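# Chains, contacts and geometry: an overview
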Amino acid sequence: MTAEDDLKDVLLPDEKVLWSGRPKWDYAERPKTGWRAKSGVIKFAVIIFLIISVLIAFGMLFDPEGFASGILGVLILVSAISFVVALVNIFDNHDPMHIRHDHLYAITNNRIIIHDRSKLTTRSIMGPVLYAVSTVKNGSTNDININFANKEQDFATFYALSDCAAPEKLLIEKFSRRKADP
C-alpha cells in the first residue's frame, strides 16, 4: 500500500506526495514503554502514600492506642495495595503499539503531513517558513525535529526514521528560506 492510498482522504486536489515514511519503532528508544508511560500510576501511588502517611501521623498523634488498633491496619493495607498495583503497572510490558502509534509521515508539494492511522487523526502543516530542522539520534534510528519561524512552541517531529537525509533536505528545500546543502 502506498502513501497516496493511505492519504487519499487527506490529500488536496493536485497534491503530490514527494516523500513518505513510517517510524521503525523496533529500532527506536523513544517513546519509552516503561516507567515514563506509567507516570500517572506512579503519581497516584505517591499521592495515596502521602495522604495515608499524613493520616497515620495525625491518628498516632491524637489517639495512639485507639487509632493503632483498627484504622492503622486498614491504611497500611491500602498503601501497600496501591504500591503493588503501581509496581505491576511499571514492570508490565504492554505491546508498544499501544503507545507508539501507527504514523505515516509525508511531505507533499504543499505541506507537511503527520497521519496517525491508529487514531485516524491527521496533522497538516501548510507552507510554514521553517526556523530549524534538526536530526536527533533515537536508538539505531533518527528523529527529525521541525521548528517553525516566529512560533517558539510550534513544532513537529518525524520519529524513528531509518533515513533522515532525504526528508530533511526536502523540508529545507520546500519550506525554508535557506537552501539545502548539496
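Here goes a summary of the coordinates provided. (Residues numbered from 1 in each chain as written. Predicted model: local features only at pLDDT ≥ 70, side-chain atom pairs only at ≥ 80, totals over all residues. Heavy atoms only, no water.)

## Examining the packing of aromatic side chains
All told, the structure shown has two aromatic pairs when counted by the stated rule. Ring centres 5.7 Å apart and planes at 15 degrees place the aromatic pair Trp19 and Phe158 in the stacked group. Note that Trp19 is positioned in strand β1 (residues 17–21) and Phe158 in strand β7 (residues 155–161), a separation of 139 residues in sequence. Judged by centre distance (4.7 Å) and plane angle (20 degrees), the rings of Tyr105 and Phe158 are stacked. Residue Tyr105 is found in strand β2 (residues 103–108), and its partner Phe158 is found in strand β7; the two are separated by 53 residues along the sequence. (Phe/Tyr/Trp six-rings, centres within 6.5 Å; stacked < 30°, edge-to-face > 60°. Helix = DSSP H or I, 4+ residues; strand = E, 2+ residues; numbered from the N terminus.)

## Examining the nonpolar core
Counting residues in each nonpolar core, the largest one holds 19 residues, and the members touching the most others are Ile144, Ile146, Phe158 and Leu171. Breaking this core down by element, the ones donating at least two residues are β2, β3 (111–116), β5 (130–138), β6 (141–148), β7 and α5 (165–175). Looking at this core element by element, the count peaks at four residues for α5. With near-sequence residues (within four places) excluded, Ile144 lies in contact with Val133, Ser134, Thr135, Ala156, Thr157, Phe158, Leu161, Cys164, Pro167, Glu168 and Leu171. Core analysis: the second largest hydrophobic core is formed by seven residues, Leu7, Leu11, Leu104 and Ala106 among them. (Core = buried A, V, L, I, M, F, W, Y, C linked by side-chain atoms within 4.5 Å. Buried < 20%, exposed > 50% of the residue type's maximum accessible area, 1.4 Å probe, protein only. Contact = heavy atoms within 4.5 Å.)

## A few points about the sheet that holds β7
One open sheet accounts for three strands, arranged β5-β6-β7; its pairing is antiparallel. The sheet is open, and its two borders are formed by β5 and β7, each paired with just one other strand. For this sheet the average axis-to-axis angle between neighbouring strands, irrespective of direction, equals 15 degrees. Bridging between β6 and β7 involves five bridges; their strand directions are antiparallel. The partner of Asn142 across the bridge, within β7, is Leu161. (Pairing = 2+ DSSP bridges. Axes fitted to C-alpha atoms, helices over the stretch in contact; angles between N-to-C directions.)

## Looking at unusual backbone geometry
For Asp14, which is not glycine, the phi torsion reads 65 degrees and is therefore positive. Within the element layout of this structure, Asp14 appears in the loop between α1 (3–6) and β1. With a relative accessible area of 70%, Asp14 lands in the exposed category. For Ala160, which is not a glycine, the phi torsion comes out positive at approximately 55 degrees. Along the polypeptide, Ala160 turns up in strand β7.

These figures come from the coordinates and say nothing about function on their own.
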